[in-house]
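Reading the structure
One letter stands for each residue in the lines below.
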Amino acid sequence: MKKPAYLPLVLLLALSVLGVLMPAVPKTIVTEGLDTGDTAWMLVATALVLLMTPGLAYFYGGMVNNKNVISTMLQSFIAMGVISVLWVTVGFSLAFGESIGGFVGNPMTFFMFNGVLDGKPWELAATIPLVVFAFFQLKFAVITPALITGSMAERINFRSYVLFMILFSIFVYAPLAHWTWHPQGFLFNLGVLDFAGGTVVHMSAGWAALAGAIYLKRRKSHVGAEFFPPANIPFVLLGTGLLWFGWFGFNAGSAVGASALAASAFATTNTAAAAAGLAWVLFDAAKGKKVSALGFCIGAVVGLVAITPAAGFVTVPTSIFIGTVAAIISNFVAHLRTKSTLDDTLDVFPCHGVGGMVGMLMTGIFASKGVNAAVADEGLAFGETKLFLTHLLALVLVSAFAFGMSYLLLVVTNAIEPLRVKEDDEKVGLDVSQHDEFLIDA
């Protein structure tokens, strides 16, 4: 039996009391300029994005060994609880509050959601209530730390993961969201385009995953070159379906309205995923491998990742190219990873980190004013270089920040609570050692 841990419960009780003392009762709810159609679509899109996190749980859970399925899935589900409370308390303020130098929001702007229910609509989402925008953005904040878990699966201490997730959300995710999506954010003002989170979500998660894989070092089974088959391929298929379905909210919802732009983003999202799934298995076949369900699923997710920053800026035919190229590059990097000593359990960096970077560069190449009038400088394919060079600069800055800060936070977390489970706990599996739960057929 693990030693009792009272502090987390005390903190939650303190926040609960603070919620009573600071209930953020609205004065006059703003309705002027709101559009019911846009609001309805964004409520649906918000729910779709939330569905992605359980989808990720099934996607990851099906790929690990059967003694780590529950622990891996719980790492995604717990994010829905922890980040939701953190977002209402201070996360939304840090990401979208009054800008402090273009780097982070004032934590007091919307502290405990003060001024959200009765606040003016977000200036870049003027036809929906501020609270809808806030909760749409919450779902992005939820899935980002959950994505990281795949690189550290089968060896991370659950308590340490929760602490790291909180620190990552405050010190990595929120600043990146502010830089990229706040009108005063410094990347926003440089002209960086990130329609739905290729930089903010996937690159940050990918680089944090790489930092985690390096810091936690290799699993004992990885060192011993032991092969454990995926626990449940049908789980992976189900997870992929849920992710693909939810991604329509992720990307089309980022148009923040029921508009032609949302329809365009919807179309590019589906097309890139389809092309990437095919490209992954065909690339495998070209290397002499059999077409696999796992391969198609991983490829489709890579396509979804790569199209995310570009979804509302590129044409539908272009999305075929983006999905295909991203899948081939990620497949190649994943293959290189297997030849190295890096133990990124579920290839989070090759898929999300590399996929996000490919998508960011593709946006700099193919972004078009014809698709989205908000594009100030068109991509390299249209004869302009400024956007592409800006994206190259942003790629370097974001990569260095996300990796460096994540590694530092891993060090801090480990100093407070050891990040890695004991060898005996790893051997018996995290389902039992961390949660006293197990699959019936384990």
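Provided above is the structure to which this section pertains.
About the criteria used
Residues numbered from 1 in each chain as written. Predicted model: local features only at pLDDT ≥ 70, side-chain atom pairs only at ≥ 80, totals over all residues. Heavy atoms only, no water. Axes fitted to C-alpha atoms, helices over the stretch in contact; angles between N-to-C directions. Helix = DSSP H or I, 4+ residues; strand = E, 2+ residues; numbered from the N terminus. Left-handed = near helix turned anticlockwise from the far one by under 90°. Contact = heavy atoms within 4.5 Å. Nonpolar A, V, L, I, M, F, W, Y, C, P; charged D, E, K, R; others polar. Salt bridge = Lys/Arg side-chain N within 4 Å of Asp/Glu carboxyl O. Buried < 20%, exposed > 50% of the residue type's maximum accessible area, 1.4 Å probe, protein only. Patch = residues over 30% accessible without salt bridge, like charges linked within 9 Å, V, L, I, M, F, W, Y side chains within 5 Å. Areas by Shrake-Rupley, 256 points an atom, 1.4 Å probe, with all protein chains shown as cover. Phe/Tyr/Trp six-rings, centres within 6.5 Å; stacked < 30°, edge-to-face > 60°. Core = buried A, V, L, I, M, F, W, Y, C linked by side-chain atoms within 4.5 Å.

1. A closer look at the packing of helix H5 (residues 158-181) against helix H7 (residues 198-216)
Between H5 and H7, the least distance of the axes is 9 Å, while the angle of their chain directions is 145 degrees. Helix-helix and strand crossings are classified by hand; for H5 and H7 the assignment is right-handed. Together, Phe168, Val172, Tyr173, Leu176, Ala177, Thr180 and Trp181 of H5 and Thr199, Val200, Val201, Ser204 and Ala208 of H7 make up the contact between the two elements. For the contact of H5 with H7, the class distribution of residues is nine nonpolar, three polar and no charged.

2. Structural notes on unusual backbone geometry
Phi at lysine 217 takes a positive value of approximately 60 degrees, unusual for a residue other than glycine. Looking at where lysine 217 falls in the secondary structure, it is placed in the loop between H7 and helix H8 (220-223).

3. Details of the pattern of salt bridges
Summed over the entire model, instances satisfying the criterion amount to six salt bridges. Of the charged contacts, one joins aspartate 343 and arginine 219 as a salt bridge, the two residues approaching to 2.7 Å between their closest N and O atoms. Separated by 124 residues along the polypeptide, aspartate 343 in the loop between helix H12 (316-338) and helix H13 (348-366) and arginine 219 in the loop between H7 and H8 bring together distant segments of the chain. Relative accessible area serves as the criterion here: at 1%, aspartate 343 is assigned to the buried category. Note that arginine 337 and aspartate 347 form a salt bridge whose closest N and O atoms lie 2.7 Å from each other. Here arginine 337 is found in helix H12, whereas its partner aspartate 347 is found in the loop between H12 and H13, with 10 residues between them in sequence. Each member of the pair, arginine 337 as well as aspartate 347, is classed as buried.

4. A closer look at a nonpolar patch on the surface
On the surface, a nonpolar cluster with roughly 460 Å² of combined accessible area is contributed by Tyr6, Leu7, Val10 and Leu11. Here leucine 7 lies in helix H1 (residues 7-21). For leucine 7, a relative accessible area of 59% translates into the label exposed.

5. Let's talk about the environment of leucine 190
When you line up the elements, leucine 190 lands in helix H6 (residues 186-190). The exposure class assigned to leucine 190 is partly exposed, which follows from its relative accessible area of 37%. Spatially, the C-alpha atoms of leucine 190 and lysine 290 are 45 Å apart, while their sequence positions differ by 100 residues.

6. Observations concerning the packing of aromatic side chains
Across all of its chains, the model carries 28 aromatic pairs by this definition. Here phenylalanine 113 and phenylalanine 135 contribute two aromatic rings whose centre-to-centre distance is 5.6 Å and whose plane-to-plane angle is 90 degrees, an arrangement assigned as edge-to-face. With a gap of 22 residues between them, phenylalanine 113 in the loop between strand S2 (104-105) and helix H4 (130-148) and phenylalanine 135 in helix H4 connect regions that are remote in the sequence. Residue phenylalanine 113 is classed as buried on the basis of its relative accessible area, which comes to 10%. A ring pair is formed by tyrosine 215 and tyrosine 407, whose centres lie 5.4 Å apart and whose planes are at 85 degrees; its orientation type is edge-to-face. Here tyrosine 215 is found in helix H7, whereas its partner tyrosine 407 is found in helix H14 (residues 386-416), with 192 residues between them in sequence. On the basis of relative accessible area, tyrosine 407 is assigned to the partly exposed category, the value being 30%.

7. Quick notes on the nonpolar core
Within the largest apolar cluster, 130 residues are counted, with the highest numbers of intra-cluster contacts made by Phe59, Trp87, Phe92, Tyr173 and Phe250. Ranked by residue count, the leading element in this core is H5, at 14 residues. With sequence-adjacent residues up to four places away left out, tryptophan 87 is seen in contact with Phe92, Ala95, Phe96, Phe113, Ala134, Gln137, Leu138, Ala141 and Tyr173.

8. Some points on the environment of alanine 279
Within the secondary structure layout, alanine 279 lies in helix H10 (residues 260-286). Under the relative-accessibility criterion, alanine 279 is labelled buried at 9%. Distance in space between the C-alpha atoms of alanine 279 and glycine 295 is 9.6 Å, their sequence separation being 16 residues. With sequence-adjacent residues up to four places away left out, alanine 279 is seen in contact with Thr324, Ala327 and Ile328.

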